[in-house]
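Coordinate inspection notes
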Amino acid sequence: RPRDNAPVGLASAWQAVPTSCPMKYADDYLAQYKDCQWLPLDFLEGFMRDALIAAGVPAPDAAIIGDVLIESDRRGIDSHGIGRLKPIYIDRIRDGILSPTTTIEVVRERKTTAVLDGHNGMGHVVAKRAMQMAIDKARDHGMGMVAVRNSTHYGIAGYYATMATQAGMIGMTGTNARPSIAPTFGVENMLGTNPLTIGIPTDEPFPFVIDCATSIAQRGKIEVYARAGKPMPRGWVVDEDGGTTTDAAQALIDLTRGRAALTPLGGIGDEDGGHKGYGYATVVEILSAALQDGAYLKMLNGFDENHQKIPYPLGHFFMAINVEEFIDLARFQAISGDILRQLRASRKARGQDQIFTPGEKEHIAWEIRTTRGCPVPKALQQDMETLRKWYSLPHRFPWD
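Treat the numbers as computed from the prediction; the structure is a model and nothing was measured.

What counts and what doesn't
- Residues numbered from 1 in each chain as written.
- Predicted model: local features only at pLDDT ≥ 70, side-chain atom pairs only at ≥ 80, totals over all residues.
- Heavy atoms only, no water.
- Helix = DSSP H or I, 4+ residues; strand = E, 2+ residues; numbered from the N terminus.
- Salt bridge = Lys/Arg side-chain N within 4 Å of Asp/Glu carboxyl O.
- Buried < 20%, exposed > 50% of the residue type's maximum accessible area, 1.4 Å probe, protein only.
- Contact = heavy atoms within 4.5 Å.
- Expected span 1.5 Å × (residues − 1).
- Arc of directions from axis to C-beta.
- Core = buried A, V, L, I, M, F, W, Y, C linked by side-chain atoms within 4.5 Å.
- 1 Å grid on protein atoms, 1.4 Å probe; cavity = no way out; pocket = protein on both sides within 12 Å on 5 of 7 lines; lining within 4 Å.
- Points joined across faces, edges and corners; volume = space filled by probe spheres on them.
- Nonpolar A, V, L, I, M, F, W, Y, C, P; charged D, E, K, R; others polar.
- Pairing = 2+ DSSP bridges.

1. Brief notes about unusual backbone geometry
In this structure, N120 takes a positive phi of about 60° despite not being glycine. One can find N120 in the loop between β3 (113-117) and α5 (123-141). One non-glycine residue, F185, lies in the positive phi region at around 75°.

Structure follows, in structure tokens:
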């Protein structure tokens, strides 16, 4: 059942419907969270909203941020949900490098375009405003694009692409980030993990949404291996000598100290296509900075010349394309859906039960978590306890 406080149309795109997911996949999915405490999504959203308000975020903005974060957890994207509430948002507010109140300035606006300045406010609030502007412009003029400067981390990019699909449009967004990726044949972290995200409406119960970084893996995935004491796959990180390592704990230390960098999609060098991921990461960097005269590359490392913490003045871009300007929306959705169905029905590799299309695994997670709740590991439980203590929140946890 769609949440009462969900954005209009957004929840209906991901409402629970029967899935063709093999039972083995569902069993394996649940097994990876065997050591977690499962909590209702509404409880987690309310906790996040209350913690943000206690940290100084205005209630309407806290509701937007909470909705974006819980949408990530609901879709099974644990790296960008409540797990980021304390370390990315509230800790930065407390450090004075993220403004809890968001002032959005329209720097320039034309019929189909606009440039916004977020003044280091909450990125989710800025991003939602920007994508809605792009959608409104596309509704009136066929296409709309909005560029943003001086914003901050805005959560899952797929949230904003889905806003467009629910308006019957193709949605695109990207953002730069603190330096993490080394260019092909380089070893220095220069580019952010820079997602290039696209949402497309279909006739299926959920839209096509591709939302992923332009690196092979993100820091959060390496942290998972480090916490488990397991070696990570080769090729995720390049060291100062151009080699790679499987020691996740050491890799995290080296990444922090600038002695290692993440590798772009495709990996080290160009034989396996590393130059392609590097190229796409660079496209996102340019569109996230050059259109709006914003910060880029090392300007986003979060420290000044005295190594004191400063804001991460990120840039984003948002595009909306009105399908009805090209073709009847229902016909477009039918063709898009047929393409996806044919891909899933194609011959499978030996030992494989199913071919997935982008957005499908997130929909399966939505179905599971809508009834079961969200898994909360012990480290995250500790973060929640810390926030409750800091702000004297009234919430009681099952593990109390």
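2. Some words on the pattern of salt bridges
Counted according to the given criterion, the structure contains 15 salt bridges. When the shortest N-O distance is used, the salt bridge between R75 and E71 registers 3.3 Å. With respect to class, R75 is no different from E71; both count as buried. A salt bridge links D136 to R139, with the shortest nitrogen-to-oxygen separation between them at 3.1 Å. Residue D136 and its partner R139 are both found in helix α5; the two are separated by three residues, about one turn of the helix. Where salt bridges share partners, they join D203, E204, R341, R344 and E360 into one cluster.

3. With respect to the side chain of H124
Along the polypeptide, H124 turns up in helix α5. Residues within four places of H124 in sequence aside, it is in contact with I64, I65, V68, L69, Y89, H153, Y154, G155 and Y160.

4. Some thoughts on helix α9 (residues 274-287)
The end-to-end C-alpha separation of α9 is 20 Å, in line with the 20 Å expected for 14 residues at 1.5 Å each. Looking at α9, one finds that the buried residues are G274, G277, A281, V284 and E285. For α9, the arc enclosing every buried residue in end-on projection is 105°, short of the 170-degree limit, so these residues lie on one face. Tucked into the core, α9 has its buried residues touching β5 (169-175), β6 (196-200) and β10 (314-322).

5. So, the nonpolar core
In this structure, L44, F47, I82, L85, I90 and M384 are the most contacted members of the largest nonpolar core, which totals 31 residues. Broken down by secondary-structure element, the contributors of at least two residues to this core are α2 (41-54), α3 (59-74), α4 (85-95), β11 (374-376) and α12 (378-391). Examining the composition of this core, we find that six residues originate from one element, α2, more than from any other. Once you skip the residues sitting within four places of it in the chain, I82 turns out to touch L44, F47, M48, D73, L380 and M384. Counting residues in hydrophobic clusters, the runner-up holds 23 residues, among them A114, I135, V148 and A157.

6. A closer look at empty space enclosed by the protein
Under the defined criterion, the tally for this structure stands at one cavity of 30 Å³ or more. One number sums up the size of the largest cavity: a volume of about 60 Å³. If you trace the largest cavity, you find it lined by I88, Y89, R92, I97, L98, T152, H153, P311, Y312 and L314. The greatest single-element share of the lining of the largest cavity, amounting to three residues, is contributed by α4. Split into classes, the residues belonging to the lining of the largest cavity amount to seven nonpolar, two polar and one charged.

7. Looking at the pairing of β6
What you see with β6 is a clean split: T197 and G199 sit on the buried side and L196, I198 and I200 on the side with no burial. Bridge analysis of β5 against β6 gives four bridges, and the strand direction is antiparallel. Bridging across to β6, T173 finds its partner in T197. By the bridge criterion, three bridges tie β6 to strand β7 (residues 208-210) in an arrangement that is antiparallel. Of the residues in β7, the one forming a bridge with G199 is V209.

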